[in-house]
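# Architecture and fold: a report
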Number of protein chains: 2
Amino acid sequence: MISYPELLEKFKDLLKCNSLKFTKQRELILKFLYENEDHYTPEDIYMLLKQQHPDINIGIATVYRTLTLLEESKIVSSISFGIQGKKYELGLKKHHDHLICTKCGDIIEFYDETIEKRQEAIAEKFNFKMTGHTMKIEGICEDCQEEALEE
Amino acid sequence: MISYPELLEKFKDLLKCNSLKFTKQRELILKFLYENEDHYTPEDIYMLLKQQHPDINIGIATVYRTLTLLEESKIVSSISFGIQGKKYELGLKKHHDHLICTKCGDIIEFYDETIEKRQEAIAEKFNFKMTGHTMKIEGICEDCQEEALEE
DNA sequence: CTTGATGCAAAGCATTTGCACCACA
DNA sequence: TGTGGTGCAAATGCTTTGCATCAAG
């Protein structure tokens, strides 16, 4: 896994190459996603950053703008859930898919070589030039099943 | 594949069991999805129905309400795309997944036994009680690739 | 007749945009 | 210093809701 200073450097380079500026807000968002390996909505990130850094001013619009920028640069990735909206996570780890508990919203990541291979084969079969793929398994997680039994 | 009269009967039963009413609007939407085996946004359905049946009054709210009802009843299913929004299709056929062309928006359906099996195995491994699963492969379809070459 | 359904317009909600001001480079 | 970034508030776009009226049972 890439270290934070490395990631920061990568981000700064990317900004420089596109004559964009490095700002406190952009760094905060990047750092937040690096330090919190989970899935967050833009709103989540906005609220938590405001809370953790009362000294720094940040607007929700900047969070949206930065997340879009980071996603285009392949530094973060997003998945969208029905009601829960779109959530972002650092996108530097190996490609993976998600198990989502529809009761508590918990997200479990997994990687399955067989599925990856089949996806490639299917894209090829239809002469599709694959640019991305997502898989979501929805269900009830272990904990929520137990809770249901207790009731 | 189920015939339309059968489907209609099934829908009517379902309404009766829940003391809901059978209306022209509900039938129109069901019929539309039966006759047009494709993926539509609520807006699409609303516009096309108004166009095809200028005599019958229908509001966008009713389309949303009916689609929600049909989806809860497992008669239709939906997939959501990034910018293109949520699209509905008749959900009575065998479970399948989608290839989506990010250029022209075309959707190709496919079914892969290996992937289905692996998904079940994964859910089991994490003690997840699977209630649903979706897979989307994004890319550029054959036609759009050719177009790109011509430019 | 009773109850649920409908259309309309208003309200919601997440996301985007315009703009004057601010801060990197 | 100039250019791009920011926060704010207004605007947008999709979806839901409240309500008076309508129609199915």
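Since we're looking at a predicted model, the values are computed, not measured. (Residues numbered from 1 in each chain as written. Chains lettered and ligands numbered in written order. Predicted model: local features only at pLDDT ≥ 70, side-chain atom pairs only at ≥ 80, totals over all residues. Heavy atoms only, no water.)

## A word on the relation of the copies chain A and chain B
Rules: Superposition of the copies used a least-squares fit over C-alpha atoms from residues whose pLDDT is at least 70 in both. In what follows, a contact means two residues having at least one pair of non-hydrogen atoms within 4.5 Å.
Turning chain A through 179 degrees and shifting it by 0.0 Å along the axis lays it on chain B, with an RMSD of 0.1 Å. Such a combination of rotation and displacement between the chain copies is what one expects of a two-fold axis. No C-alpha of chain A lies nearer the rotation axis than that of A:Met135, which sits 2.1 Å from it. Both copies share a contact surface, since 100% of the interface residues of chain A are interface residues in chain B too.

## Side note on the packing of helix H3 (residues 42–52) of chain B against helix H4 (residues 60–72) of chain B
Residues and elements named next belong to chain B. To keep things clear, this is the line we draw: Only the contacting stretch of a helix is used when fitting its axis, a line to C-alpha atoms as for every element, and angles between N-to-C directions run 0 to 180 degrees. Only DSSP runs of H or I with at least four residues qualify as helices, and only runs of E with at least two residues qualify as strands; both kinds are numbered from the N terminus onward. Throughout, the term roughly parallel applies to angles under 35 degrees, roughly antiparallel to angles over 145, roughly perpendicular to angles from 65 to 115, and oblique to all others. For a crossing to be left-handed, the near helix must be turned anticlockwise from the far one by less than a right angle; the clockwise case is right-handed. Following the grouping adopted for this structure description, the nonpolar residues are Ala, Val, Leu, Ile, Met, Phe, Trp, Tyr, Cys and Pro, the charged ones are Asp, Glu, Lys and Arg, and the polar ones are all others, Gly among them.
At a closest axis distance of 9 Å, the pairing of H3 and H4 adopts a crossing angle of 125 degrees. On the basis of the axis angle, H3 is oblique to H4. Crossing angle aside, the handedness with which H3 passes H4 is right-handed. When H3 is examined against H4, the residues Pro 42, Glu 43, Ile 45 and Tyr 46 are found in contact with a partner set consisting of Ile 60, Val 63, Tyr 64 and Leu 67. Broken down by class, the residue content of the contact of H3 with H4 amounts to 7 nonpolar, no polar and 1 charged.

## Notes on the protein's contact with DNA strand C
Quick note on the threshold: Any residue with a heavy atom positioned within 4 Å of a molecule or strand is treated as near that molecule or strand. In protein, a polar contact means a hydrogen-donor-capable atom and an acceptor-capable atom, both N or O and within 3.5 Å, with residues adjacent in sequence counting only if both atoms are side-chain atoms; elsewhere, any N or O pair within 3.5 Å suffices.
Taken together, 18 residues lie near DNA strand C, and A:Tyr64, B:Lys21, B:Asn57, B:Ile58 and B:Thr62 sit nearest. Within the contact set of DNA strand C, a phosphate oxygen lies 3.2 Å away from a backbone nitrogen or oxygen of A:Phe22. The contact in question runs from a sugar or linking oxygen of DNA strand C to an N or O atom on the side chain of B:Gln25, over 3.3 Å. By residue class, the composition of the surface near DNA strand C is 6 nonpolar, 6 polar and 6 charged.

## Thoughts on the interface of chain A and chain B
Let me state the cut-off plainly: Accessible-area loss on putting two parts together, using a 1.4 Å probe and summing over both, is the definition of buried area adopted here. We count a salt bridge whenever a side-chain nitrogen from Lys or Arg sits within 4 Å of a carboxyl oxygen from Asp or Glu. Whether two strands pair comes down to DSSP finding at least two bridges between them.
Counting residues at the interface gives 31 residues for chain A, matched by 31 residues for chain B. Here chain A packs against chain B, burying approximately 2800 Å² in sum over the two surfaces, 65% of which is carbon and sulfur. Where chain A packs against chain B, one counts 2 salt bridges. Linking chain A with chain B are 14 residue pairs in polar contact (both at pLDDT 80 or more). With 12 residues, the top contributor of residues to the side of chain A that touches chain B is strand E5 (residues 129–140) of chain A. Within the side of chain A that touches chain B, the residues separate by chemical class into 15 nonpolar, 9 polar and 7 charged. The sheet contact formed by E5(A) and strand E5 (residues 129–140) of chain B spans 11 bridges and is antiparallel. Each bridged residue has a counterpart across the sheet, and for A:Ile140 the counterpart in E5(B) is B:Lys129.

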